Amino acid sequence: MPEKAEKFEKSEVQVEVEGRRLTINNLDKVLYPGTGTTKGEVLHYYAAIAPVMLPHLAGRCVTRIRWPHGVGDSSFFEKNVPPGTPAWVRTAEVPTTGSRSGQGSGVIRFPVVDDVATLTWLANLAALELHVHQWRVDDDDQPLPPDRLVIDLDPGEPATLHECAQVALLVREALSERGLECTPVTSGSKGLHLYAGLEGVTIDDVVPDSDLVTVFAKEVAEELQSSHGHLVTATMTKSRRGGKVFLDWSQNAASKTTVAPYSLRGRERPTVATPLTWDEVAGVAEDPLSLDQFTAEEVLARVAERGDLLGVD
């Protein structure tokens, strides 16, 4: 039996996805030992979630975290496309500076995931986590102004998703007072992300760039830290986060990325960054047992029933 399993693990199959030919291997390799989830199941998840996930990836440079031997082993970040990248994969070259001004010493050649074939190719590389910037590139692969604001709510132990939900309601109110509506998304790890669209929005009467959005998000975080200091911190120092929720405003910097909605996470279980309703957030703010991070199987069932709660204009 071990010899047969080893032989299967090294096997390859040729598949066609949207007219693209791909070589898929190691379908039976376990990538999540805690649940026995295989690469084949990861590929199935990404293919099934693609209709709602791709709009959130389209036009965005993708940083990947890869676990070649599963989440029980080591992982690595990857920004540049790897050797052997198919010629049909869309890529975009971006300056290495945070300002993207072109004055840096080099560029990063990112993949851009606009189709199921590219998503499948990345999943086959065990790129379980897909992280993206808050800006897109245009048809000429030139970076555009940010089209969204993101605040990452990161709980410091013993704070949990329960406290994150309480803070999310405060952030929602603070952003609403400034004319922005936001949508909650579980991080798939420990906390919550809040997304506010910036299409057609001005800040201080100007179209916001990444620097301005970062300053704006920091002001919101510091305001809530001032008024709810027992629960909220805007300070990055981890030693000062105990029992509080860190409002990570820095996610809006041009060089920063956030895990994409519907991406898997490299945790013990195949959890997913999952859009929520505000009723669900209010529920977990009251009862910490009413909600947990969702698994891939649960997310597929949610999408089948509710569609994409985050949506893309």
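Just so you know, these numbers come straight off a predicted model, no measurement behind them. (Residues numbered from 1 in each chain as written. Predicted model: local features only at pLDDT ≥ 70, side-chain atom pairs only at ≥ 80, totals over all residues. Heavy atoms only, no water.)

## Re the overall build of the protein
What counts here: Think of it this way: any DSSP run of H or I at least four residues long counts as a helix, any run of E at least two long counts as a strand, and we number them from the N terminus. Radius of gyration here is computed from C-alpha atoms only, and the compact-globule reference equals 2.2 Å multiplied by the residue count raised to the power 0.38. When accessible area is computed with a 1.4 Å probe and restricted to protein chains, residues below 20% of their type maximum are described as buried, those above 50% as exposed, and intermediate ones as partly exposed. What makes two residues a contact is simply this: any of their non-hydrogen atoms within 4.5 Å. Surface exposure here means Shrake-Rupley accessible area, sampled with a 1.4 Å probe, where a residue is shielded only by the protein chains that are shown.
When you go through the protein residue by residue, the secondary structure sums to seven helices and 17 strands. Expected size for 313 residues packed as a compact globule is a radius of gyration near 20 Å; at 20 Å, the protein falls within 12% of this value. By principal-axis analysis of the C-alpha atoms, the protein measures approximately 60 × 45 × 40 Å. When burial is assessed residue by residue, the protein has 51% of its 313 residues classed as buried. Considering only contacts in the protein between residues 6 or more positions apart, those separated by 24 or more positions represent 65%. Roughly 14,500 Å² of accessible area belongs to the protein as shown, and the carbon and sulfur atoms make up 48% of that amount.

## A word on the confidence of the model for the protein
Which entries qualify depends on this criterion: pLDDT measures the predictor's confidence residue by residue and takes values from 0 up to 100.
Mean pLDDT over the protein works out to 92, with 94% of the residues at or above the 70 mark. In this model residues 1-9 is a low-confidence stretch, pLDDT under 50, and it forms three contacts with partners more than four residues away in sequence or in other chains. Here residues 98-104 is modelled with pLDDT under 50, and outside its nearest four sequence neighbours on either side it reaches 14 contacts, counting other chains as well.

## Quick word on the domain arrangement of the protein
To be explicit about the condition: Domain ranges listed in this record stem from an automatic or a database domain assignment. Once two parts are put together, the accessible area they lose, assessed with a 1.4 Å probe and summed over both, is termed the buried area. A pair is scored as a salt bridge if a Lys or Arg side-chain nitrogen falls within 4 Å of a carboxyl oxygen belonging to Asp or Glu. Two N or O atoms form a polar contact when they lie within 3.5 Å of each other; inside protein one atom must be a possible hydrogen donor and the other a possible acceptor, and for residues adjacent in sequence the pair counts only when both atoms belong to side chains.
Segmenting the protein into domains produces domain 1 (12-143) and domain 2 (145-306). A straight line from the C-alpha centre of domain 1 to that of domain 2 covers 23 Å. Contact residues are listed per partner, giving 30 residues for domain 1 and 30 residues for domain 2. Together domain 1 and domain 2 conceal approximately 2,500 Å² of surface at their shared face, both sides included; 58% is due to carbon and sulfur atoms. Contact with domain 2 buries area across many residues of domain 1, yet Tyr32, Tyr45 and Gln134 alone supply 29% of it, more than any other trio. Remark: the boundary between domain 1 and domain 2 carries three salt bridges. Counting every contact that joins domain 1 to domain 2 gives 17 residue pairs in polar contact (both at pLDDT 80 or more). Secondary-structure elements contributing two or more residues to the side of domain 1 that touches domain 2 are α2 (39-57) and β9 (127-132).

## Remarks on the nonpolar core
The condition that has to hold: Only buried Ala, Val, Leu, Ile, Met, Phe, Trp, Tyr and Cys residues count toward a nonpolar core, and they belong to the same one when joined by side-chain atoms within 4.5 Å.
Grouped together as the largest cluster of nonpolar side chains are 77 residues, with contacts concentrated most on Tyr46, Leu153 and Leu247. Dropping the residues within four chain positions of it, Leu247 is found in contact with Ile151, Asp152, Leu153, Val167, Val171, Ala221, Leu224, Val232, Thr233 and Ala234. The next biggest cluster of nonpolar side chains, apart from the first, holds nine residues, and it includes Cys61, Ala92, Val94 and Val137.

## Considerations on helix α4 (residues 161-177)
What counts here: Multiply 1.5 Å by the residue count of a helix minus one, and that product is the helix's expected span.
For α4, with 17 residues, the first-to-last C-alpha span of 24 Å sits near the 24 Å given by 1.5 Å per residue. All of the buried residues in α4 are Leu161, His162, Glu163, Cys164, Ala165, Val167, Ala168, Leu170, Val171, Ala174 and Leu175. Gly179 sits one or two residues past α4 and shows a positive phi near 85°.

## Let's talk about the packing of aromatic side chains
Pairs of aromatic rings are described using the distance from one ring centre to the other and the angle between the two planes. Here is the rule: Any pair of Phe, Tyr and Trp rings, taking the six-membered ring for Trp, is counted once the centres come within 6.5 Å. Such a pair is stacked with planes under 30 degrees apart, edge-to-face with planes over 60 apart, and tilted for the rest. Working rule: Lys NZ or Arg CZ, within 6 Å of ring centre, within 35 degrees of ring normal, means a charge sits over the ring.
One pass over the structure, following the stated rule, counts one aromatic pair. The ring of Phe294 carries Arg302 above its face, with NZ or CZ at 4.3 Å from the centroid.

## Some words on the packing of α4 against helix α5 (residues 210-227)
As a reminder, the rule being used: What counts as an axis is a line fitted to C-alpha atoms, over the stretch in contact for a helix, and the angles between N-to-C directions run from 0 to 180 degrees. Comment on the angle field: the value is read as roughly parallel under 35 degrees, roughly antiparallel over 145, roughly perpendicular from 65 to 115, and oblique elsewhere. Here a crossing is taken to be left-handed if its near helix is turned anticlockwise relative to the far helix by less than a right angle, and right-handed if that turn runs clockwise. Amino acids outside the nonpolar list (Ala, Val, Leu, Ile, Met, Phe, Trp, Tyr, Cys, Pro) and the charged list (Asp, Glu, Lys, Arg) are all regarded as polar, and Gly is one of them.
At a closest axis distance of 11 Å, the pairing of α4 and α5 adopts a crossing angle of 125°. Regarding the angle of α4 to α5, the classification is oblique. The chirality of how α4 crosses α5 is right-handed. Residues Leu170, Val171, Ala174 and Leu175 of α4 touch α5, and the partners they reach there are Phe216, Val220, Glu223 and Leu224. Here the residues of the contact of α4 with α5 are counted per class, giving seven nonpolar, no polar and one charged.

## Structural notes on the pairing of strand β1 (residues 12-17)
For the record, the criterion: DSSP bridges decide pairing: two strands pair if at least two such bridges lie between them.
Sheet topology places β1 next to strand β2 (residues 20-25); six bridges connect them, and they run antiparallel. Bridge pairing in β2 links Val17 to Arg20.

## Side note on a negative patch on the surface
The test is simple: A residue counts toward a patch only above 30% relative accessible area and without a salt bridge, and it is joined to like-charged neighbours within 9 Å or, for Val, Leu, Ile, Met, Phe, Trp and Tyr, to nonpolar neighbours within 5 Å. Charge assignment: positive for Lys and Arg, negative for Asp and Glu; neither His nor the chain ends contribute. Note on charges: their place is set at NZ of Lys, CZ of Arg, CG of Asp or CD of Glu.
On the surface, Asp28, Glu41, Glu297 and Glu298 cluster together into a patch of negative charge. Its location among the elements puts Glu41 in helix α2. Given a relative accessible area of 44%, Glu41 falls into the partly exposed group.

## Let's talk about unusual backbone geometry
Of note, the bond from Glu157 into Pro158 is cis; its omega dihedral lies within 30 degrees of zero at 5°. Structurally, Pro158 can be placed in the loop between β10 (148-155) and α4. With a phi close to 60°, Ala126 is a non-glycine residue in the positive phi region. With respect to the helices, strands and loops of the structure, Ala126 is situated in the loop between α3 (116-124) and β9.

## Some details on the pairing of β10
With seven of eight residues buried, β10 is to be regarded as a mostly interior element. As defined by bridge partners, β10 adjoins strand β12 (residues 192-197) across six bridges and the pair is classed as antiparallel. Residue pairing in the sheet places Leu149 in a bridge with Ala196 of β12. The pairing of β10 with strand β14 (residues 245-248) spans four bridges and is antiparallel. The partner of Asp154 across the bridge, within β14, is Phe246.

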